[in-house]
Amino acid sequence: MLNTTASKIVSTMIPATAAVSQSAGLRVRHTQFHADGKHLCIDSTESEATLKQAMDIVLKKTEDKIKNLGGTMRYVTSMSLYDCQNAFHKAGGPPPNPANKCVSMRPDGGIIFAKFGDVEYPVFIGEDKVQGTNDSRLAEKKPRQATGNAIERAAKNIRGCEMLCADMQVFPYVIFASGCDFHSSETIAKRIEMMNLGVPNHYFGVDPSSTTETLDSRLQEVVSAVSTSKIMGHGIASVFVKAHKWDVMAHGSSRWRMKEIVALSDAVIDQALASVAPPPVADEIEDLSGNLACMNVED
């Protein structure tokens, strides 16, 4: 889920000059982790808090963008199956069933709509999924267990949102996945690719050598690679995976930073708005051209 409290990457690192084994390094990291009062039960709370904080920023920025384009914004945290069916029906699907008004989906980051004239478009649907406990189990000297499959439930919301976006050229559905279960050495993240028509995830690997600078650099690479365009008419989710290896980094090491959520959400929203916003009228184009000319002169 999207959280409101900015989370910190736990990266207690052994000095390069220290000649210690990997297991000794793990003991140091995990001991510090628990000494700081961190426990598994805070996973969802912290992640949701970071997402909520990030969404506060995203919503304000998006509302300004939509207003500047002559539209209005609406934000909801749930959407009924009936509403999804109704949107699909307008695009040529079967008629909605009123009995489905009591069945709904609740994306962690909610749904942002942009309305231009009489038409409303979803420009952002956000999910936040944290998965993986083997790093904590290692710290507690418990045996490793099988990785989970909770991420597979995202398929339901993807299909629901496909109905909402049936009449659009883009699919602004976002998944922020994090945790050791999604590490590249595991197969869980591949399940997301399976439900996403085989399109590769955008991957952020976190290891003891990771720094703010390396993560920021990767963020810029991924922002540039984001594409919300449908493929052969199929909605392709923008899946962002951030992960660490369960026996190398402490629990929580790959939690999303607020700046990452904001930047990636902005990239998706900007593409969605570019697709659905009405073209500017002639005088607006002239004003824009004039402003650009002035900027070039000043440069």
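Scroll up for the structure.
Not measured: the values here are computed from a predicted model.

1. Regarding the pattern of salt bridges
- Under the counting rule described, the total for this entry stands at 19 salt bridges.
- Across the salt bridge formed by lysine 259 and aspartate 216, the nearest N and O atoms sit 3.2 Å from each other. With lysine 259 in helix H8 (residues 258-276) and aspartate 216 in helix H7 (residues 212-225), this residue pair connects regions lying 43 residues apart in the sequence.
- Judged by relative accessible area, aspartate 216 falls into the partly exposed class, the value being 22%.

2. Description of the state of the cysteines
- Tallied over the entire structure, the rule returns 0 disulfides.
- Unpaired in terms of disulfides, cysteine 161 finds its nearest cysteine sulfur in cysteine 165, a separation of 6.3 Å.
- Residue classification places cysteine 161 among the buried positions, given a relative accessible area of 0%.

3. Side note on unusual backbone geometry
- One non-glycine residue, leucine 197, lies in the positive phi region at around 60°.
- Locating leucine 197 in the fold gives a position in the loop between helix H6 (188-195) and strand E7 (202-205).
- Exposure remark for leucine 197: the relative accessible area of 53% places this residue in the exposed category.
- Located in the positive-phi region is methionine 232, a residue other than glycine, with phi close to 50°.
- Within the secondary structure layout, methionine 232 lies in the loop between H7 and strand E8 (238-243).

4. Thoughts on the side chain of histidine 202
- As for its position among the elements, histidine 202 is in strand E7.
- Look past the residues within four positions of histidine 202 in its chain and what remains in contact with it is Arg218, Val222, Ala225, Val226, Val239, Phe240 and Val241.

5. Section: the sheet that holds strand E6 (residues 173-178)
- Strand order in the open sheet formed by 6 strands is E1-E4-E5-E6-E8-E7, with mixed pairing between adjacent strands. In this open sheet, the two strands that pair with only one neighbour each are strand E1 (72-76) and E7. Neighbour to neighbour, the strand axes of the sheet diverge by 15° on average, direction disregarded.
- Sheet topology places E6 next to E8; 5 bridges connect them, and they run parallel. What sits directly across from isoleucine 175, in E8, is valine 239.
- Together, E7 and E8 form the strand contacts of H7, whose direction differs from that of E7 by roughly 180°.

6. Overview of the environment of proline 280
- Along the chain, proline 280 turns up in the loop between H8 and helix H9 (282-298).
- Judged by its relative accessible area of 48%, proline 280 is partly exposed.
- For the pair formed by proline 280 and glycine 70, sequence separation is 210 residues and the distance between their alpha carbons is 9.4 Å.

7. Some remarks on the nonpolar core
- With 57 residues, the main nonpolar core has Tyr173 and Phe182 as its most contacted residues.
- With 9 residues, H8 is the largest single contributor of residues to this core.
- Filtering out sequence-adjacent residues up to four positions away, tyrosine 173 remains in contact with Ile125, Glu127, Ala154, Asn157, Ile158, Cys161, Ala237 and Ser238.

About the criteria used
- Residues numbered from 1 in each chain as written.
- Predicted model: local features only at pLDDT ≥ 70, side-chain atom pairs only at ≥ 80, totals over all residues.
- Heavy atoms only, no water.
- Salt bridge = Lys/Arg side-chain N within 4 Å of Asp/Glu carboxyl O.
- Helix = DSSP H or I, 4+ residues; strand = E, 2+ residues; numbered from the N terminus.
- Buried < 20%, exposed > 50% of the residue type's maximum accessible area, 1.4 Å probe, protein only.
- Disulfide = S-S within 2.5 Å.
- Contact = heavy atoms within 4.5 Å.
- Pairing = 2+ DSSP bridges.
- Axes fitted to C-alpha atoms, helices over the stretch in contact; angles between N-to-C directions.
- Core = buried A, V, L, I, M, F, W, Y, C linked by side-chain atoms within 4.5 Å.

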